[in-house]
Amino acid sequence: MKLLTHNLLSSHVRGVGPRGFPLRLQATEVRINPVEFNPDFVARMIPKVEWAALLEAADTLHLIEVPKEPIEGYEHDEEFLRKMHHILLEVEVLEGTLQCPESGRLFPISRGIPNMLLSDEETET
Amino acid sequence: MKRTVCAKSIFELWGHGKSPEELYSSLKNYPVEKMVPFLHSDSTYKIKIHTFNKTLTQEEKVKRIDALEFLPFEGKVNLKKPQHIFSVLEDYGLDPNHIPENPHNIYFGRWIADGQRDLIESYSVKKRHFIGNTSMDAGLSFIMANHGKVKENDIVFDPFVGTGGLLVASAHFGAYVYGTDIDYNTVHGLGKASRKNQKWRGPDENIRANLRQYGLEKYYLDVLVSDASKPSWRKGTFFDAIITDPPYGIRESTRRTGSQKEIPKGLEKCPESHVPVSLSYHLSDMFFDLLNFAAETLVLGGRLVYWLPVYTPEYTEEMVPWHPCLKLISNCEQKLSSHTSRHLITMEKVEEFENRDQYSHLLSDHFLPYQGHNSFREKYFSGVTKRIAKEEKSIQE
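Cut-offs used in this document
Residues numbered from 1 in each chain as written. Chains lettered and ligands numbered in written order. Predicted model: local features only at pLDDT ≥ 70, side-chain atom pairs only at ≥ 80, totals over all residues. Heavy atoms only, no water. UniProt positions renumbered as here; feature names shortened; annotations may be inferred. Pairing = 2+ DSSP bridges. Helix = DSSP H or I, 4+ residues; strand = E, 2+ residues; numbered from the N terminus. Contact = heavy atoms within 4.5 Å. Axes fitted to C-alpha atoms, helices over the stretch in contact; angles between N-to-C directions. Salt bridge = Lys/Arg side-chain N within 4 Å of Asp/Glu carboxyl O. Polar contact = N/O pair within 3.5 Å; in protein donor to acceptor, adjacent residues only side chain to side chain. Nonpolar A, V, L, I, M, F, W, Y, C, P; charged D, E, K, R; others polar. Parallel < 35°, antiparallel > 145°, perpendicular 65-115°, else oblique. Left-handed = near helix turned anticlockwise from the far one by under 90°.

- In the annotation of an unreviewed UniProt entry, the entry for chain B reads tRNA (guanine(10)-N(2))-methyltransferase TRMT11, and the organism field reads Vicugna pacos.
- Comment text from UniProt for chain B, heading Subcellular location (unreviewed entry), reads "Cytoplasm".
- The heading Subunit (unreviewed entry) in the UniProt record of chain B holds the text "Part of the heterodimeric TRMT11-TRM112 methyltransferase complex; this complex forms an active tRNA methyltransferase, where TRMT112 acts as an activator of the catalytic subunit TRMT11."

- An unreviewed UniProt entry lists chain A under the name Multifunctional methyltransferase subunit TRM112-like protein, with Vicugna pacos as the source organism.
- The UniProt entry for chain A carries the following text under Sequence similarities (unreviewed entry): "Belongs to the TRM112 family."

What follows is the structure in structure tokens.
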């Protein structure tokens, strides 16, 4: 699971609503997987990122050189974009869990794939 | 032409006729000043003969090229890398069992570009590493990506991703892709194989591997095990296109997660720590959820492209699901059997989504026409049962 994805996921346990985001990340196996740098795509993603959640996840994974916020003129700042590219797309959690911050419910990640299935009782109506 | 899999090539038409004589006089009427830029002495060219539904000998082809000597070609012939290619196209009809002596139509034109029909072969499901029972045909997956107006740097999502065929086509056009599926085994690439002589899936059989096979792995974002009726995305518009082939309940079951008390006794639980799945998911509910989801998560101007299965004798256009935020762009039918077909529906988000509650009562009325299709599965098989009954009767007689 990439950190871009983690940034877009939320718990849908019943009653939790917007407090289901961000999911608390815990990783037992992480891999760095190089991906071809595409500045246009990274620049497109920056406005969609919830920065606080990203910083929290990056901190959990002990990532270094994480920009604290988008900088002015980031669209043309290659150094900034390359850092964001690495954090959002190249760091993959292979094994771990995502935890709903409100209900405590755990969603496992195995082989890099999160399992978000809930039973009917647990989900919103 | 860089996108279409529906057109082989495109030519600038210089002349046509129902016979060679008609063709030549048509060519003589084509303005010379339009020809000259491509025929001048510094250029190189070649002439090709294409015949549809007939084969010609080399000799016959050369005769036809020689007959065009009256055209003001001043350049040099270069068979390997000509600057300009001209083609004679001869149409011998569509029936391979009755090939006429003479063509119905002959055309002459300057070749401009080829379409992408080669993609159908190069991305053929036959050669793909990871396939399932319902993997989408390569040609159709490209058509769907085109309907979705997928372009470079888009994010495309398939909520019923299966083996990822639709993601492959989108990635080919430069989009980054997400997929979810309720089936743990398919998403992980485990379990029984779909190929005839293969028992279990190998280690290289999963969605990511499919993208890797075509050099598209960089476009793989993530796949998740998830119930499309209970999505896990936070509030926001993230997708430029949602392109999907939802289950029809025939070869893949329509399911959603349910509570313990709703599962009838004796039904298997999924092996991996999951919740029991197997509540029948009424088709009309599924499309209601899909349209609502699309309205909520697509960017403005983003597209939803999906297949809608119908029982043809009862189909009317009113049945096509609608949503106040989505505009219907196209509805194309593909026949599946004598009494069933599927419709490729394309919709575009034209209004921002306000909040979930205001739509639920509005839409339930409009989905009533499609309610009949909840028994799509029974209707699909009804033709088969009738035929078998008929055959048995005639055997007895």
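Now that the structure has been shown, the text picks up again.
## Looking at the sheet that holds strand β5 (residues 105–114) of chain B
Through backbone hydrogen bonds, the strands of a sheet pair up, either in parallel or in antiparallel fashion.
Residue and element names in this part refer to chain B.
Right, on to step 1. The five strands lie next to each other as β1-β5-β4-β2-β3, forming an open sheet whose pairing is mixed. Of all the strands in the sheet, the pair left with one neighbour each is β1 (9–17) and β3 (76–77).
Right, on to step 2. With eight bridges joining them, strand β2 (residues 44–52) and strand β4 (residues 84–91) adopt parallel strand pairing. When the sheet's bridge partners are listed, Ile47 is paired in β4 with Phe86.
Right, on to step 3. Each of β1 and β5 touches helix α1 (residues 20–28); the most contacted strand, β1, lies at about 105° to it.

## Focus on the interface of chain A and chain B
Right, on to step 1. The interface is formed by 37 residues belonging to chain A together with 39 residues belonging to chain B.
Right, on to step 2. Where chain A meets chain B, there are four salt bridges.
Right, on to step 3. Here chain A and chain B share 20 residue pairs in polar contact (both at pLDDT 80 or more) between them.
Right, on to step 4. Here the side of chain A that touches chain B is built from residues that sort into 15 nonpolar, 11 polar and 11 charged.

## Section: the packing of helix α5 (residues 138–147) of chain B against helix α6 (residues 165–172) of chain B
Residues and elements named next belong to chain B.
Right, on to step 1. In the contact formed by α5 and α6, the axes pass within 8 Å of each other and the chain directions differ by 60°. Considering the angle they form, α5 stands oblique to α6. Crossing of α5 against α6: the hand is right-handed. For the pair formed by α5 and α6, the contact residues are Ser141, Phe142, Met144 and Ala145 on the first element and Gly165, Leu166, Ala169, Ser170 and His172 on the second.
Right, on to step 2. In the contact of α5 with α6, the residues fall into five nonpolar, four polar and no charged.

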